[in-house]
Amino acid sequence: MAASLYSLSALDYVIIVGTFSVSAFIGVFFACFGGRQKTSEEYFLGNRRMGVIPVIISMTVTVMSAITYLGVPGEVYMLGPKFGLMFVSKFVVAFLTTTFFLPVFYRLRIVSVYEYYDRRFNVAVRYSILVAEFAHAMLYCGVVIYIPSLALSTITGVNLSLCVIAVGAVCTFYTTIGGFKAVSKTNFTCIFLTQAAVMTVGFLLIIVVGTVRIGGAAEGWRLAKEGQRTQLVDFSLDPTVRYTFWTIMVGGSFMYLMINGSKQAVIQRFNSCKTETQAKVVAWFGIVGMGVVEMLAVICGMVVYAWYAHCDPITSGRIISRDQLIPLVVMDLFHDVPGLPGIAIAGAFCASLSSVSSLINSLAAITGETLVKSRWKSMSESFYAKVVKLISAGYGVIGICVGLLSSSLGTVIQIVLSLGGIFGGPGLGVMCLGIFVPRADSRSALCGLIVAVAVGLTLEVGARMTGSRAQPNLPLSVEGCEALNVTSDFATSIVMPTTEDRNYYATNTPVYPPHSNESTRIGFFAISNLHYSTISTLVTVLVGLLVSYLPGNKSESDPAFFTPFIQKYYFNNKGTTLKTVDVDKEEISEDEPHEMNEFLKKS
């Protein structure tokens, strides 16, 4: 059981409360003075007039939530720096997204990505994916709210439930009141007021100060080598190993392609840009920006390991989860500097606010466009905008409830990878069928989706029931805790060992054996959950392709539904005349008699 470690200063509390206040104020400001949001396009897309920089930052922090800020360093602490290879996969994802996926969404000028599923296939496909995505989004939302709340509660002693309610309530308030402009502007503000101080400057502070305190980079690398944490790339072909070169480059690419190629929260940001060129700039910088933040998190995780190399705070009982390591090391390093711990805690909450607000806004867009507008077509735009605000508030409440129940979900990184693969991968598979396979129809998409979700659930349930996913953690030591004056009461400061102490530990420190469950591991269930997105996407596509060749296939053939590559090489070869759209115009005129306008009018 974790002990109470530190007391935050008055300045720390001012910073934390100020973060919440600024976020809430931005929602009120854009609701009152940011121009009335009378239509759904204004509420969800900022009237397609958002600037490039705010949208890049909004997109980056939407994906790089508290899970990155707290979860990735903990993962590196336990398993080493191989997770850093994710940075390379971002360039693959950026290329695929901007070349094949983004042009389709932008040129169709959709508010909700589920409009595409309806137009390309039918309403049954739309609702089926909607159910899967809602399950994923609500569970993810709860985890994102829970993680920083757990960190703050552990350090300050504030009731965990109150922390969850606070972050969820503030986020719901400014998202509901201010709409998409508030979400993007708040994310922009969070970056420069808190996340810039934590996920960039904060990480750098931990890296620089921590490296100096442990005796330099060479000493840090020596400690990492001693702890078996210097392997950067593992070329093993074993799919059950959590992080190998192939697992990350293939599984990681599919996972982030799923996020950037089929998720409403990201596509909504692409479509909020003035031109397609700007949207592509946003995609490149946003996706690569995610990789930069992750690299800082990886390096930070290595420094944290070196800092606790001889006194693991999890084994010794200082904390109960690897997800609490960053707040702990911040307090250990900077507890005597008023304000810095507050910035770190506020940054964790700000990271959570940015992701949850984006999820709430996108879910409201999905529900409004899919359920409300399709049933009550005569509803005025001004009244519809009010309805989706109420929907946003409802989803915020659900997110808070899930957050209160999230303690049973397990390790944050692993549950996020699993959820993304089970519920998100099939959506990417259906999207690939839609934009790449002219033969695919609604029957193909539904069959692929159902089979893929079933396969993903089987993998996850089987892994949990058999314990097959249990993998060896790298060794951890607590031998140095006594010399460091870390007792059951835990002093409020940590005195790093001298050189003589380190030499003693290097030769005399026993380590805890890796936690393994080899006797119960079953190959199929032991597969790394980073492969879940790959498996579910490929299953959807392969099953869809097979079904598309069965008798009675009825596929759509409107070129507007397909990626430019398919339009050029498939439809041109069939003799279909394609008319181009000036994608760099700020808006498409209703008077222009091109094919896209005719398609939109019919829809």
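Quick caveat, the model's predicted, so the values are computed rather than measured.

J.: Give a detailed account of the overall build of the chain, specifying residues and quantitative values.
T.: A tally of helices and strands in the chain yields 21 helices and zero strands. Relative to its full complement of 603 residues, the chain shows a buried share of 60%. Restricting to contacts in the chain with at least 6 residues of sequence separation, those with at least 24 account for 86%. Split by element, the accessible area of the chain, about 23,000 Å² in all, is 66% carbon and sulfur.

J.: How would you sum up helix 12 (residues 276-307)? Please name residues and give values.
T.: Here helix 12 spans 46 Å end to end across 32 residues, near enough to the 46 Å set by a 1.5 Å rise per residue. Of all 32 residues in helix 12, 23 are buried; the element is thus mostly enclosed.

J.: I'd like to hear about the packing of aromatic side chains, residue by residue, with values.
T.: One pass over the full model with this rule turns up 14 aromatic pairs. Aromatic pair Phe100 and Phe565: ring centres 6.2 Å apart, planes at 85 degrees, arrangement edge-to-face. With Phe100 in helix 5 (residues 86-108) and Phe565 in helix 20 (residues 564-571), the pair connects residues that are 465 residues apart, well separated along the chain. A relative accessible area of 18% means that Phe100 is categorised as buried. On the basis of relative accessible area, Phe565 is assigned to the partly exposed category, the value being 44%. Ring centres 6.2 Å apart and planes at 75 degrees place the aromatic pair Tyr116 and Tyr117 in the edge-to-face group. Tyr117 carries the same exposure label as Tyr116, and that label is buried. Grouping aromatic residues by their ring pairs yields a cluster made of Phe105, Tyr114, Tyr116, Tyr117 and Phe561.

J.: Lay out the pattern of salt bridges with the relevant residues and their values.
T.: Scanning the model with the defined rule gives 12 salt bridges in all. Here Glu219 makes a salt bridge to Arg222, at a shortest N to O gap of 2.9 Å. Of the two residues, Glu219 and Arg222 are both situated in helix 9 (residues 217-226); the distance of three residues between them amounts to about one turn of the helix. Owing to a relative accessible area of 30%, Arg222 belongs among the partly exposed residues under this scheme. One network of salt bridges, with partners in common, ties together Glu75, Arg242 and Arg322.

J.: Residues and numbers for the packing of helix 5 against helix 10 (residues 245-262), please.
T.: At their nearest, the axes of helix 5 and helix 10 sit 9 Å apart, and the two run at 35 degrees to each other. In the packing of helix 5 onto helix 10, the handedness of the crossing is right-handed. Here Met86, Val88, Ser89, Lys90, Val92, Val93, Leu96, Thr97, Phe101 and Phe105 of helix 5 lie close against helix 10, whose contacting residues are Ile248, Met249, Gly252, Ser253, Met255, Tyr256, Leu257, Asn260 and Gly261. When grouped by side-chain class, the residues that make up the contact of helix 5 with helix 10 number 12 nonpolar, six polar and one charged.

J.: How would you explain unusual backbone geometry if you had to name every residue and give the values?
T.: With phi around 65 degrees, Gln228 is a residue other than glycine that occupies positive phi space. For Gln228, a relative accessible area of 52% puts it in the exposed group.

J.: Report on the confidence of the model for the chain, specifying residues and quantitative values.
T.: Looking at the chain, the pLDDT average stands at 75 and 71% of residues meet or exceed 70. When the elements of the chain are averaged for pLDDT, helix 21 (residues 595-602) gives the smallest value, 39, and helix 19 (residues 532-548) the largest, 95. Below pLDDT 50 for its whole length, residues 36-41 participates in 19 contacts with residues either more than four positions away or in separate chains. Counting interchain partners and residues more than four positions distant, the pLDDT-below-50 stretch residues 180-194 has 62 contacts.

J.: Pulling in residues and values, what's your account of the nonpolar core?
T.: Soluble globular proteins tend to bury their nonpolar side chains together. Phe101, Tyr116, Tyr117, Ile206, Val304, Ile326 and Val329 are the most contacted members of the largest nonpolar core, which has 135 residues in total. No other element matches helix 7 (residues 123-156), which puts 16 residues into this core. Non-local contacts of Val304, meaning those with residues more than four positions away in its chain, are made with Tyr77, Ile206, Leu325, Ile326 and Val329. In this structure, Leu8, Ile16, Cys163 and Met331 belong to the second largest nonpolar core, which totals six residues.

J.: Kindly report on the state of the cysteines, identifying the contributing residues and their values.
T.: Taken as a whole and assessed by the stated rule, the structure comprises one disulfide. Shown here is the disulfide that connects Cys311 with Cys481, its sulfur atoms set 2.1 Å apart. What sets the handedness of the Cys311 and Cys481 disulfide is the S-S torsion sign, and at about 105 degrees it is right-handed. You can see Cys311 sitting in the loop between helix 12 and helix 13 (325-334) and its partner Cys481 sitting in the loop between helix 17 (442-466) and helix 18 (499-508), a full 170 residues away along the chain. When its relative accessible area of 5% is taken as the criterion, Cys311 is described as buried. The exposure class of Cys481 is buried, given its relative accessible area of 7%.

J.: So what's going on with the side chain of Arg229? Residues and values would help.
T.: On the secondary structure map, Arg229 appears in the loop between helix 9 and helix 10. Within the buried core, Arg229 has no salt-bridge partner, and the shortest N-O distance to an opposite charge, that of Asp312, equals 7.4 Å. Looking at Arg229, its side chain comes within polar contact range of the main-chain oxygen of Tyr77, at 2.8 Å. Within the structure, the side chain of Arg229 is placed 3.5 Å from the side chain of Tyr305, a separation counted as a polar contact. When residues no more than four places from it in sequence are discounted, the contact partners of Arg229 are Val76, Tyr77, Met78, Gly80, Pro81, Ala224, Met302, Tyr305, Leu474, Pro475 and Leu476.

So, how was this worked out
- Residues numbered from 1 in each chain as written.
- Predicted model: local features only at pLDDT ≥ 70, side-chain atom pairs only at ≥ 80, totals over all residues.
- Heavy atoms only, no water.
- Helix = DSSP H or I, 4+ residues; strand = E, 2+ residues; numbered from the N terminus.
- Buried < 20%, exposed > 50% of the residue type's maximum accessible area, 1.4 Å probe, protein only.
- Contact = heavy atoms within 4.5 Å.
- Areas by Shrake-Rupley, 256 points an atom, 1.4 Å probe, with all protein chains shown as cover.
- Expected span 1.5 Å × (residues − 1).
- Phe/Tyr/Trp six-rings, centres within 6.5 Å; stacked < 30°, edge-to-face > 60°.
- Salt bridge = Lys/Arg side-chain N within 4 Å of Asp/Glu carboxyl O.
- Axes fitted to C-alpha atoms, helices over the stretch in contact; angles between N-to-C directions.
- Left-handed = near helix turned anticlockwise from the far one by under 90°.
- Nonpolar A, V, L, I, M, F, W, Y, C, P; charged D, E, K, R; others polar.
- pLDDT = per-residue confidence, 0-100.
- Core = buried A, V, L, I, M, F, W, Y, C linked by side-chain atoms within 4.5 Å.
- Disulfide = S-S within 2.5 Å.
- Lys, Arg positive; Asp, Glu negative; His and termini not counted.
- Polar contact = N/O pair within 3.5 Å; in protein donor to acceptor, adjacent residues only side chain to side chain.

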